[in-house]
Amino acid sequence: MRTRTLLAGSVAALGLAVGTLAPAAAAPDHRTNRTSASSMTATAAPAYKKYVAMGDSYTAGPLIPWNSTWCFRSNNNYPAWLATDLGLYYQSGAFRDVSCSSADTTNLTQPQPTPTPEVNLATQQPQLDALTLDTDLVTLGLGGNDYGVFGSLIGCGEHRDEDPTGAPCRDHYTVNGVDTLSAALDNTGANLERSVAQIKERAPGADVVLVGYPRLLPPSGYCPDTVPFADGDYAWADSLNRKLNTVMRNAANRKGALYVDTYGPALGHDACAGDAAWVRGQTSDLLAGAAYHPNAAGMRAVSKIVLEALGGSASSSTTMKKAPAGADTEAELKKQRWARQHDDELVPTS
């Protein structure tokens with residue numbers, strides 16, 4: 001049985017419930033309220049000087065052109081767009097993205113073999129190593145891969161034939177009346193609290209932002225051709241998506257970080273939404289994104305949500321950026337060839 005690791009944290013095809021940004025005449029000090037995006041204003045963004053992005057595949061953006069490392073990290077993911085809107089993307093030393101597909105919270109402090117532990121073509125340094133005392137903005141999108149929760153979740157299509165109108169995947173992961181995946185998320189909350197504390201220790205002057213997982217499934221209805229879950233597993237999977245975001249929100253509140261909800265704003269943009277979708281369904285496209293992961297439109301949308309939570313307004317441009325100067329084109333082609341040959345391992349597993 002394959003071990004799925006939510007190329008972005010145990011497959012976070014997850015979600016949240018978001019608050020509405022409060023309008024205001026003047027932007028408040030961005031360091032005075034880090035607990036809820038709903039309390040921030042959408043005016044001028046703070047002037048950050050050094051931004052570090054950390055996270056799993058839901059941050060990295062596997063297979064969204066272009067991926068520059070064996071982490072399958074796109075330069076069109078939400079950190080890259082956020083850095084662009086903050087005026088940091090093209091400034092030397094001002095922006096660093098160390099998010100990595102398949103990462104979990106242990107990879108903040110431990111090296112990560114990529115693209116998979118079994119096929120170690122490059123070892124990534126612990127993500128916390130990117131922080132310095134002068135880092136003033138950190139975004140973190142992690143948690144879905146802890147304990148393999150969402151990696152297991154996206155494999156639910158394998159159980160559909162057992163009971164197409166029931167909830168065979170939920171039943172599979174229920175042991176002695178206990179939903180083991182939901183229970184694992186309780187432990188993920190403690191991991192995230194520890195993660196925020198570790199970030200604050202390395203970068204004590206930084207604003208720390210926990211970016212939630214977007215919505216994978218609609219509130220009602222089904223799209224089995226796109227997401228081949230049994231009918232009853234849709235609501236259960238969505239409940240896990242929401243719970244992951246809840247433990248993220250609680251961790252942020254308890255440790256003085258800002259939590260940004262992307263689940264609420266993603267209403268109508270789930271994997272069943274066709275051209276309006278911010279996340280893909282069961283199929284991968286080597287030039288558009290990995291299965292059950294955000295697409296380019298989703299990444300741009302999340303970047304705008306985060307920017308607004310910080311008090312800024314994004315430009316309307318959605319043009320794909322060119323790879324950064326000096327990018328190794330041959331290395332990129334090598335990664336694309338590898339992904340094409342190992343689709344079942346990498347997307348959405350590793």
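The rules behind these values
- Residues numbered from 1 in each chain as written.
- Predicted model: local features only at pLDDT ≥ 70, side-chain atom pairs only at ≥ 80, totals over all residues.
- Heavy atoms only, no water.
- Helix = DSSP H or I, 4+ residues; strand = E, 2+ residues; numbered from the N terminus.
- Buried < 20%, exposed > 50% of the residue type's maximum accessible area, 1.4 Å probe, protein only.
- Contact = heavy atoms within 4.5 Å.
- Areas by Shrake-Rupley, 256 points an atom, 1.4 Å probe, with all protein chains shown as cover.
- Pairing = 2+ DSSP bridges.
- Salt bridge = Lys/Arg side-chain N within 4 Å of Asp/Glu carboxyl O.
- Polar contact = N/O pair within 3.5 Å; in protein donor to acceptor, adjacent residues only side chain to side chain.
- Core = buried A, V, L, I, M, F, W, Y, C linked by side-chain atoms within 4.5 Å.
- Disulfide = S-S within 2.5 Å.

**As for the overall build of the protein chain**
Here's step 1: From N to C terminus, the protein chain includes nine helices and nine strands.
Here's step 2: In the protein chain, buried positions account for 57% of the 350 residues.
Here's step 3: A sequence separation of at least 24 residues applies to 76% of the contacts in the protein chain between residues at least 6 apart.
Here's step 4: Summed over all atoms, the accessible surface of the protein chain reaches about 13700 Å², with 50% contributed by carbon and sulfur.

**Regarding the environment of Leu287**
Here's step 1: With respect to the helices and strands, Leu287 occurs in the loop between strand E9 (258–260) and helix H7 (296–309).
Here's step 2: For Leu287 and Pro62, which are 225 residues apart along the polypeptide, the C-alpha to C-alpha distance reads 9.6 Å.
Here's step 3: Apart from the residues lying within four places of it in its own chain, the contact partners of Leu287 are Leu63, Pro65 and Trp66.

**Examining the pairing of strand E3 (residues 112–115)**
Here's step 1: Relative to strand E4 (residues 120–124), E3 runs antiparallel, the two being bridged by four bridges. Following the sheet pairing, Pro113 is matched in E4 by Thr123.
Here's step 2: Linkage of E3 to E4, two consecutive antiparallel strands, is achieved through a turn of four residues.

**Some remarks on the pattern of salt bridges**
Here's step 1: Applying the stated rule across the entire model yields eight salt bridges.
Here's step 2: Note that Arg242 is salt-bridged to Asp238, the shortest N-O span being 3.0 Å. Note that Arg242 and Asp238 are positioned in helix H6 (residues 231–255) at a spacing of four residues, about one turn of the helix.
Here's step 3: The exposure class assigned to Arg242 is partly exposed, which follows from its relative accessible area of 37%.
Here's step 4: Assessed through its relative accessible area of 9%, Asp238 is described here as buried.

**Some thoughts on the side chain of Ser74**
Here's step 1: Structurally, Ser74 is set in the loop between helix H1 (57–60) and helix H2 (78–85).
Here's step 2: For Ser74, the side chain forms a polar contact with the main-chain nitrogen of Asn76, separated by 2.8 Å.
Here's step 3: Residue contacts for Ser74: discarding those within four places in its chain leaves Ala60, Gly61, Ile64, Pro65, Trp66 and Asn67.

**Considerations on the nonpolar core**
Most often, soluble globular proteins have nonpolar side chains that are buried together.
Here's step 1: By size, the foremost hydrophobic cluster in this structure holds 52 residues, and its most contacted members are Met54, Leu131, Ile199, Leu210, Val227, Phe229 and Trp236.
Here's step 2: Counting only elements with at least two residues in this core, the list comes to strand E1 (51–55), strand E5 (137–141), helix H3 (149–153), helix H5 (180–202), strand E8 (207–211) and H6.
Here's step 3: Per-element tally for this core: the top contributor is H6, with nine residues.
Here's step 4: Beyond its immediate sequence surroundings of up to four residues, Trp236 is in contact with Leu153, Cys156, Cys169, Arg170, Tyr173, Asp179 and Leu181.
Here's step 5: Listed in part, the 28 residues of the second largest apolar core include Ala53, Ile64, Leu137 and Ala309.

**Some thoughts on the state of the cysteines**
Here's step 1: All told, the structure shown has three disulfides when counted by the stated rule.
Here's step 2: Shown here is the disulfide that connects Cys71 with Cys100, its sulfur atoms set 2.0 Å apart. With the S-S dihedral at roughly -90°, the linkage between Cys71 and Cys100 falls on the left-handed side. Of this pair, Cys71 sits in the loop between H1 and H2 while Cys100 sits in the loop between strand E2 (95–97) and E3, and the two are 29 residues apart along the sequence.
Here's step 3: Cys223 shares a disulfide with Cys272; S-S distance 1.9 Å. Where Cys223 bonds to Cys272 through sulfur, the torsion about that S-S bond is close to -65°, and the disulfide is left-handed. With Cys223 in the loop between E8 and H6 and Cys272 in the loop between E9 and H7, this pair connects stretches of sequence that are 49 residues apart.
Here's step 4: Assessed through its relative accessible area of 12%, Cys223 is described here as buried.
Here's step 5: By relative accessible area, which is 25% here, Cys272 ends up partly exposed.

**A closer look at the environment of Val227**
Here's step 1: One can find Val227 in the loop between E8 and H6.
Here's step 2: Among all residues touching Val227, those that are not within four sequence positions of it are Leu217, Tyr234, Ala271, Gly281 and Tyr292.

Shape is all these values report; function is a separate question.
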